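Here is what each chain is made of, one letter per residue.
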Amino acid sequence: MMKTLGRAGILNALAGRKTWAEEGLPPSTTPIQLLVQPTQRPEGRTHAEYGSVNECMEGICKMYEEHLKRLNPLSQSITYGVSQLFEFIDRMVDLSCLVFREDTQTYKPHSREWVKERIYMLLSQQAQRDESE
């Protein structure tokens, strides 16, 4: 779920963040914060929380798919390549992920390049699964 939240609101939200154990999440999950600013307008900043890196990467793909649906409202189906997805990510003014580290009880920031690597890995895994079925 995407919601608009200013930088101060994001920092306040993260300051009170509980550990996965305190929130009752299983150890296999990694809380992750996605910070997005699609344009120069600061009020366009958004923030989303995910339970794992893969969920976040899927969320970014869905964000792009929603963008394509708005551009092509009459299309029954939309297809795209990974290079088009990466261009979308690169056009963002800012896109970063904060991944919670249980050992230090802190969030580690990751750049859009890290995001693109994780998306590529996720899509490759999905393609391999589809081929084996």
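Chains are numbered independently. Their residues run from 1 in the order of the written sequence. Given that this is a predicted model, residues contribute local features only at a pLDDT of at least 70 and side-chain atom pairs are listed and counted only at 80 or more, while totals for whole chains, interfaces and linings are drawn from all residues. Only heavy atoms go into the side-chain values, all of them from the structure, while hydrogens and water stay out.

A. The arrangement of the environment of Glu65 in detail. Looking at the secondary structure, you find Glu65 in helix α2 (residues 53-71). Exposure categories follow from relative accessible area, calculated using a 1.4 Å probe and restricted to protein chains: below 20% of the type maximum is buried, above 50% is exposed, and the middle band is partly exposed. Its relative accessible area of 29% is what places Glu65 among the partly exposed residues. When the C-alpha atoms of Glu65 and Thr79 are compared, they prove to be 8.7 Å apart, with 14 residues separating the residues in sequence. Polar contacts involving the side chain of Glu65 include one to the side chain of Tyr80, which spans 2.7 Å. In DSSP terms, a helix is any run of H or I states spanning at least four residues, a strand is any run of E spanning at least two, and both are numbered starting from the N terminus. N or O atoms within 3.5 Å of each other form a polar contact, as long as, within protein, one can give a hydrogen and the other can take it, and as long as residues adjacent in sequence are counted only when both atoms are side-chain atoms.

B. Quick peek at the confidence of the model for the chain. Scored from 0 to 100, pLDDT records how confident the predictor is in each individual residue. Chain-level statistics for the chain give a pLDDT mean of 82 and a share of 78% at 70 or above. Across the chain, the secondary-structure element scoring lowest on mean pLDDT is strand β1 (residues 3-4), at 37, and the one scoring highest is helix α3 (residues 82-91), at 96. Between residues 1-28, whose pLDDT stays under 50, and residues either more than four places distant or in other chains, the model counts 38 contacts. Throughout, a residue-residue contact means that at least one pair of heavy atoms, one from each residue, lies within 4.5 Å.

C. Expanded view of the layout of surface pockets. Cavity means a closed set of points on a 1 Å grid over the protein atoms alone, one where a 1.4 Å probe fits but cannot get out, pocket means an open set with protein on both sides within 12 Å along at least 5 of 7 lines, and lining means a residue has an atom within 4 Å of a point. Grid points are joined across faces, edges and corners, and a volume is the space filled by probe spheres set on the points. Taken as a whole, the largest pocket holds about 350 Å³ of empty space. If you trace the largest pocket, you find 15 residues lining it, with Pro38, Met63, Arg70, Phe88 and Met92 closest to the centre. Secondary-structure elements contributing two or more residues to the lining of the largest pocket are β3 (46-50), α2 and α3. Ranked by residue count, the leading element in the lining of the largest pocket is α2, at 6 residues. Residue polarity is assigned by list, with Asp, Glu, Lys and Arg as charged and Ala, Val, Leu, Ile, Met, Phe, Trp, Tyr, Cys and Pro as nonpolar; anything else, Gly included, falls into the polar class. Of the residues that constitute the lining of the largest pocket, the class distribution is 7 nonpolar, 4 polar and 4 charged.

D. Representation of helix α4 (residues 112-132). Over its 21 residues, α4 extends 30 Å from the first C-alpha to the last, a length consistent with the 30 Å expected when each residue adds 1.5 Å. Taken as a whole, α4 has its buried residues at Arg112, Trp114, Val115, Lys116, Ile119 and Leu122. Packed against the buried residues of α4 are β2 (32-37), α2, α3, β4 (94-101) and β5 (106-110). Between the first and last residue of a helix there are one fewer steps than residues, each counted as 1.5 Å, and that sum is the expected span.

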